[in-house]
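# Results of the structural survey
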2 protein chains.
Amino acid sequence: MSIKEHKILGDHRGKLVALEAGIDIPFEIKRIFYIFGTQVGVPRGQHSHHAIQQYLIAVNGSCKVTLDNGKVKQTYELNHPSKGLFQDALIWGEMHDFSEDCLLLVLASEHYDEADYIRDYDEFKKIVNA
Amino acid sequence: MSIKEHKILGDHRGKLVALEAGIDIPFEIKRIFYIFGTQVGVPRGQHSHHAIQQYLIAVNGSCKVTLDNGKVKQTYELNHPSKGLFQDALIWGEMHDFSEDCLLLVLASEHYDEADYIRDYDEFKKIVNA
């Protein structure tokens, strides 16, 4: 996983970033959500998914995302609408260090399904290291 | 067409708005794009689509959107991440009065297809009034 830089289309009217599902985003977009009004010192996320894949973009402000495959943790900074980060299934994710004005857009590969969440880190470790 | 208010899910970690494709959004999401770095006095849009439907949300800042079915024009204000506006096919749309910090998120029902654009207002009027 790594930060992907998307092309910025610009003219005198401003800037535009376009993302095609299944092309720029490696899945069909079944759900989107966005997080705002976050607190600088309060992390979010802290779960993994059995099957749902996600794509994260800080379209305003900035935040950090730590992805963890059960063996290695890596932290990425999202700080521009052109930067996207793919979070695969069975990757533990934590969003943190939100700027006050952060708006984090998340694209998801499936509709909401509580059964797809893995919220216990020990359970996550068991699954990925099985 | 009218502004739709989406539910804001909130707790001590911040706020979240979630939109399910085909449920909250009246189509499958094949493409997303977002507009930023806009100018206060410079409008955008000014086209219609033969078939593509769009859903607009000012996730940061604010802007106005004027929708025109060829007979009646109506102007809507998007000024909160919880507010969405559906723009059907064969509706002429113009976005204007962008705040400096506006980030306008647009969800689209199809992949980019230049042939789907109607960029000439007279042609649009002919089609919708045929």
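Residues numbered from 1 in each chain as written. Chains lettered and ligands numbered in written order. Predicted model: local features only at pLDDT ≥ 70, side-chain atom pairs only at ≥ 80, totals over all residues. Heavy atoms only, no water.

- Per an unreviewed UniProt entry, chain A carries the name dTDP-6-deoxy-3,4-keto-hexulose isomerase and comes from Aliidiomarina sanyensis.

### Topic: the environment of Val59(B)
- Considering the arrangement of structural elements, one finds Val59(B) in strand 6 (residues 54–60).
- Residue classification places Val59(B) among the buried positions, given a relative accessible area of 3%.
- Taking the C-alpha atoms as reference points, Val59(B) and Ser82(B), 23 residues apart in sequence, are found 7.8 Å from one another.
- In contact with Val59(B), not counting residues within four places along its chain, are Tyr34(A), Val59(A), Leu103(A), Pro81(B), Leu103(B) and Leu105(B). (Helix = DSSP H or I, 4+ residues; strand = E, 2+ residues; numbered from the N terminus. Buried < 20%, exposed > 50% of the residue type's maximum accessible area, 1.4 Å probe, protein only. Contact = heavy atoms within 4.5 Å.)

### Considering the relation of the copies chain A and chain B
- Mapping chain A onto chain B leaves a residual RMSD of 0.0 Å; the transformation is a rotation of 180° accompanied by 0.0 Å of translation along its axis. Classification of the inter-copy transformation places it as that of a two-fold axis. Among all residues of chain A, the minimum C-alpha distance to the rotation axis is found for Ile29(A), at 2.9 Å.
- Take the interface residues of chain A: 100% of them recur as interface residues in chain B, which is what a same-surface contact looks like. (Least-squares fit on C-alpha atoms with pLDDT ≥ 70 in both.)

### Quick word on the side chain of Arg44(B)
- Tracing the sequence through the fold places Arg44(B) in strand 5 (residues 44–49).
- No salt bridge is formed by the buried Arg44(B). Its closest oppositely charged neighbour is Asp11(A), at 4.4 Å.
- If near-sequence neighbours (up to four positions away) are discounted, Arg44(B) is found in contact with Asp11(A), Arg13(A), Gly14(A), Lys15(A), Leu16(A), Ile35(B), Thr38(B), Gly93(B), Glu94(B), Met95(B) and Phe98(B). (Lys, Arg positive; Asp, Glu negative; His and termini not counted. Salt bridge = Lys/Arg side-chain N within 4 Å of Asp/Glu carboxyl O.)

### Thoughts on the environment of Asn79(B)
All names here are of chain B.
- Within the secondary structure layout, Asn 79 lies in the loop between strand 8 (73–78) and strand 9 (83–87).
- Look past the residues within four positions of Asn 79 in its chain and what remains in contact with it is Gly 61 and Ser 62.
- Of the polar contacts made by the side chain of Asn 79, one reaches the side chain of Lys 83; its length is 3.0 Å. (Polar contact = N/O pair within 3.5 Å; in protein donor to acceptor, adjacent residues only side chain to side chain.)

### Section: the UniProt feature "domain: Sugar 3,4-ketoisomerase QdtA cupin" (unreviewed entry) in chain A
- Within this structure's numbering, the places UniProt gives as "domain: Sugar 3,4-ketoisomerase QdtA cupin" (unreviewed entry) are residues 3–128 of chain A.
- Helix makes up 6% of residues 3–128 of chain A and strand 49%, with an end-to-end C-alpha separation of 23 Å. (UniProt positions renumbered as here; feature names shortened; annotations may be inferred.)

### Overview of the interface of chain A and chain B
- Each partner contributes to the interface: chain A provides 39 residues, whereas chain B provides 39 residues.
- For the pair chain A and chain B, the summed buried area comes to about 3300 Å², and 56% of that belongs to carbon and sulfur atoms.
- Of all residues in chain A, the largest losses of buried area upon contact with chain B belong to Arg13(A), Tyr34(A) and Phe36(A), amounting jointly to 22% of the total for that side.
- The interface formed by chain A and chain B holds 2 salt bridges in total.
- Of the charged contacts in the structure, one is a salt bridge between Arg31(B) and Glu20(A), with a shortest N-O distance of 2.9 Å.
- Looking at which element gives the most residues to the side of chain A that touches chain B, the answer is strand 3 (residues 14–20) of chain A, with 7 residues.
- Its residues placed into classes, the side of chain A that touches chain B shows 22 nonpolar, 9 polar and 8 charged.
- Looking at chain direction, strand 4 (residues 31–36) of chain A and strand 3 (residues 14–20) of chain B are connected through 6 bridges and run antiparallel. Opposite Ile32(A), over in strand 3 of chain B, you have Leu19(B) as the bridge partner. (Buried area = accessible area lost by both parts, 1.4 Å probe. Nonpolar A, V, L, I, M, F, W, Y, C, P; charged D, E, K, R; others polar. Pairing = 2+ DSSP bridges.)

### Thoughts on unusual backbone geometry
Residue and element names in this part refer to chain A.
- The phi dihedral of Leu 90 falls on the positive side, at around 55°, and the residue is not glycine.
- Position of Leu 90 among the secondary structure elements: in the loop between strand 9 (83–87) and strand 10 (92–96).
- Backbone geometry at Asp 97 places phi at a positive 55°, although glycine is not the residue there.
- Positionally, Asp 97 belongs in the loop between strand 10 and strand 11 (103–108).

### Considering the pairing of strand 10 (residues 92–96) of chain B
Residues and elements named next belong to chain B.
- Most of strand 10 sits inside the fold, with 4 of its 5 residues counted as buried.
- In terms of strand pairing, strand 5 meets strand 10 through 3 bridges, oriented antiparallel. Within strand 10, the residue paired with His 47 across the bridge is Gly 93.
- When strand 7 (residues 63–68) meets strand 10, the two strands line up antiparallel, connected through 5 bridges. Each bridged residue has a counterpart across the sheet, and for Lys 64 the counterpart in strand 10 is His 96.

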